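# Survey of secondary and tertiary structure
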Amino acid sequence: MHPETSVKLMKVVNSIRELNQILAVIRENGGQIGFVPTMGALHEGHLSLVRESVRENDVNVVSIFVNPTQFNDKNDLVSYPRTLEADCRLLEAEGCDIVFAPSEEEMYPEPDTRVFNLGRVAEVMEGAFRPGHFNGVAQVVSKLFDIVQPDAAYFGEKDFQQIAVIREMVRQLGYTLRIVACPILREPDGLAMSSRNVRLTPSQRQNAPVIARTLKESTTFVPGKSVEEVKAHVIETINREPEMKVEYFEIVDGNTLESIRDWSETQFPVGCITVFCGPVRLIDNIKY
Ligand code: PAF
């Protein structure tokens, strides 16, 4: 870390203007800026992104903003956990330099009416089941990239499709930053870490690891069983568990996100799943 480019104590900034001023000085001094966009309610998964960003850059910015435009379900938006103070304590301990925590008015002084055309990667799976979701993600992430102008941005692979959509947005808009995909972090029982896990009741929490367990088990069936057989096994096994309902499970080419029918169609098969555990929507994925 170059002393002249570092920010000594973690700053919590709410205004775009103030953030611009701070980051302009860092850029003028040649500081590399790493950026981790989040919606808060931070867990180890987020912190692993922050660690990577802190390791690779001179200055690390984490945004905390529960972006309303990406929630197609208003109940999900209302019940999304908000824990700003605890988040800031965790970030400070990780050596984060700047937390950007804007209000809704700051981010959207007027409604964002931009419509992105991000092609097939944004239409399948989450794109089909959560209409408008990726458009909202592209709105907020492009705004954040414009504000922070990072050299690198860090995203978790739990949201495997989101990374593909953001890469496509970056390509279309000509951003020159690096997108860094970081591995999924899991609880000791395998459940993928997610801010939504705190909403599970004790019995739902006990059942939820069936998702990761079944995905992992399904890798042992490849290539002996067909894609259809593996899909059917995963869906049936998870649906047998109380309060669990698979919304979709697709085995796709990890680059195009197109569903495959035969293992020979891709060198990079990925199983992407969404499961309702009671009212809580959990997602996960596995590489075959
Ligand atoms: O992955 C998330 O938490 C959000 O979709 C993101 C990237 C912070 C945009 O609001």
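What you see is a predicted model, and the numbers here were worked out from it, not measured in a lab.

Definitions and limits used
Residues numbered from 1 in each chain as written. Predicted model: local features only at pLDDT ≥ 70, side-chain atom pairs only at ≥ 80, totals over all residues. Heavy atoms only, no water. Pairing = 2+ DSSP bridges. Helix = DSSP H or I, 4+ residues; strand = E, 2+ residues; numbered from the N terminus. Axes fitted to C-alpha atoms, helices over the stretch in contact; angles between N-to-C directions. Contact = heavy atoms within 4.5 Å. Phe/Tyr/Trp six-rings, centres within 6.5 Å; stacked < 30°, edge-to-face > 60°. Buried < 20%, exposed > 50% of the residue type's maximum accessible area, 1.4 Å probe, protein only.

Reading across from one edge, β1-β4-β3-β2-β5-β6 is the order of the six strands in this open sheet, with parallel pairing throughout. Where the open sheet ends on each side, the last strands, each with one partner, are β1 (11–13) and β6 (178–182). Sheet twist, expressed as the mean angle between neighbouring strand axes with direction ignored, is 25°. Two elements, strand β5 (residues 152–156) and β6, share five bridges in a ladder whose sense is parallel. Opposite Tyr-154, over in β6, you have Val-180 as the bridge partner. Each of β1, β3 (59–64) and β4 (98–100) touches helix α4 (residues 84–93); the most contacted strand, β3, lies at about 165° to it.

Here we come to the packing of aromatic side chains. For the structure shown, the criterion picks out seven aromatic pairs. Relative to Phe-145, the ring of Phe-35 has its centre 6.3 Å away and its plane inclined at 75°; by these criteria the two rings are edge-to-face. Note that Phe-35 is positioned in strand β2 (residues 33–38) and Phe-145 in helix α7 (residues 133–148), a separation of 110 residues in sequence. Like Phe-145, Phe-35 is buried. A centroid spacing of 5.6 Å and a plane angle of 75° characterise the contact between Phe-71 and Tyr-80, whose relative ring orientation is edge-to-face. In this structure, Phe-71 and Tyr-80 share a single accessibility class: buried.

That is the geometry; function is a separate question.
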